[in-house]
Amino acid sequence: MLKVLTQTLISLFTLTCIFSFLLNYLNAWINVSSSLPVGIYLIKKDDGKPKKGDLVLSCIPKLYANLAFERGYLTSGKCENKIAPVGKYIAAAKGDKVQTATNGIYINGKLIKNSKAQKYDVNSFKMFTQSINRTLYDNEILLLNEKENSFDSRYFGIIDTNFIIGKLEPLAILK
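Heads up: these notes are all about the structure in this document. Computed from a prediction, not measured in an experiment: that's the story for all the values here.

## Focus: the packing of aromatic side chains
All chains considered together, the criterion is met by seven aromatic pairs. Looking at Lys126, its charged tip hangs above the ring of Tyr120, at a distance of 5.8 Å from the centre.

## A closer look at the nonpolar core
Ranked by internal contacts, the top residues of the largest apolar core, which has 18 residues, are Ile60, Leu74, Ile90, Ile141, Leu143, Phe151 and Phe156. Secondary-structure elements contributing two or more residues to this core are α2 (62-71), β4 (86-92), β9 (140-143) and α3 (153-156). Residues in contact with Ile141, not counting those within four places in the same chain, are Ile90, Ala92, Ala93, Leu136, Ile158, Ile159, Thr161 and Ile164.

## Regarding α2
Among all positions of α2, only Ala65, Ala68 and Arg71 are buried. Along the axis of α2, the buried residues cluster in a sector spanning 130°; they form a single face. Exposed and facing more than 90 degrees away from the buried side of α2 are Leu63 and Glu70. Immediately downstream of α2, the backbone of Gly72 shows phi near 90°, a positive value.

## Observations regarding the sheet that holds strand β6 (residues 104-107)
With antiparallel pairing, the four strands of this open sheet are ordered in space as β7-β6-β5-β8. Here the strands that pair on one side only, and so sit at the sheet edges, are β7 (110-111) and β8 (133-135). Examined bridge by bridge, strand β5 (residues 97-101) and β6 share four bridges and lie antiparallel to one another. Bridging from a neighbouring strand, Thr100 pairs with Ile105 of β6.

## Comments concerning the pattern of salt bridges
Here the structure, examined in full by the defined rule, presents five salt bridges. Note that Lys51 is salt-bridged to Asp54, the shortest N-O span being 3.5 Å. The class for Lys51 is partly exposed, based on a relative accessible area of 48%. Where Asp96 meets Lys52, a salt bridge forms, and the shortest distance between an N and an O atom there is 3.4 Å. Note that Asp96 is positioned in the loop between β4 and β5 and Lys52 in the loop between β2 (39-44) and β3 (55-58), a separation of 44 residues in sequence. A relative accessible area of 10% places Asp96 in the buried class. Given a relative accessible area of 43%, Lys52 falls into the partly exposed group. Each of Lys51, Asp54 and Lys167 takes part in one network of salt bridges that share partners.

## Quick look at the pairing of β5
Here β5 runs beside β8; their pairing, made up of three bridges, is antiparallel. Residue Lys97 lies in a different strand from β8, and its bridge partner there is Thr135. Two successive antiparallel strands, β5 and β6, enclose a turn made up of two residues.

## Digging into the state of the cysteines
The final tally for this structure, using the stated rule, is one disulfide. Linked covalently through their sulfurs, Cys59 and Cys79 form a disulfide whose S-S length is 2.1 Å. When the S-S torsion is -95°, as for the bridge of Cys59 with Cys79, the disulfide is left-handed. One end of the pair, Cys59, is in the loop between β3 and α2; the other, Cys79, is in the loop between α2 and β4, and 20 residues separate them in sequence. Comparing Cys59 with Cys79, the two get one shared label, buried.

Procedures and definitions
- Residues numbered from 1 in each chain as written.
- Predicted model: local features only at pLDDT ≥ 70, side-chain atom pairs only at ≥ 80, totals over all residues.
- Heavy atoms only, no water.
- Phe/Tyr/Trp six-rings, centres within 6.5 Å; stacked < 30°, edge-to-face > 60°.
- Lys NZ or Arg CZ within 6 Å of the ring centre and 35° of its normal.
- Core = buried A, V, L, I, M, F, W, Y, C linked by side-chain atoms within 4.5 Å.
- Buried < 20%, exposed > 50% of the residue type's maximum accessible area, 1.4 Å probe, protein only.
- Helix = DSSP H or I, 4+ residues; strand = E, 2+ residues; numbered from the N terminus.
- Contact = heavy atoms within 4.5 Å.
- Arc of directions from axis to C-beta.
- Pairing = 2+ DSSP bridges.
- Salt bridge = Lys/Arg side-chain N within 4 Å of Asp/Glu carboxyl O.
- Disulfide = S-S within 2.5 Å.

Following this line, the structure appears as structure tokens:
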């Protein structure tokens, strides 16, 4: 029995190492959150500036990343503070007027679907929200997924484009 268990554990460890090496070789990221479709995404390094509508992999400011980690929204990962990056869409960029309101986020005067910040998370923790009413400057973006419970800029605010790791391209998505 012990021999079978040992062989199984060695096999699982080997498969995990191979899978990890393959993901690293492909420069891929696995999404398991509900904010985006679950699956494997390729991380594309792009010298061009990120633009509105791009799906990106991004670190978030340390204060919010630490809080999200403590609350279980994020796991450990490869950002500066050893917390996982997030996959989000760039909803606003340089020149876009962003305004938060009780009913959601407005970009250039248009209310974004499902952008209302939640007052409490699923574990009844009070959510921290952002008060924004300005036009974005160069190298500033607003990350937002059109899902009610997405942990995005409605909670951590406007971020610098330097936080972006790369653009995401779906490779294998579970429907």
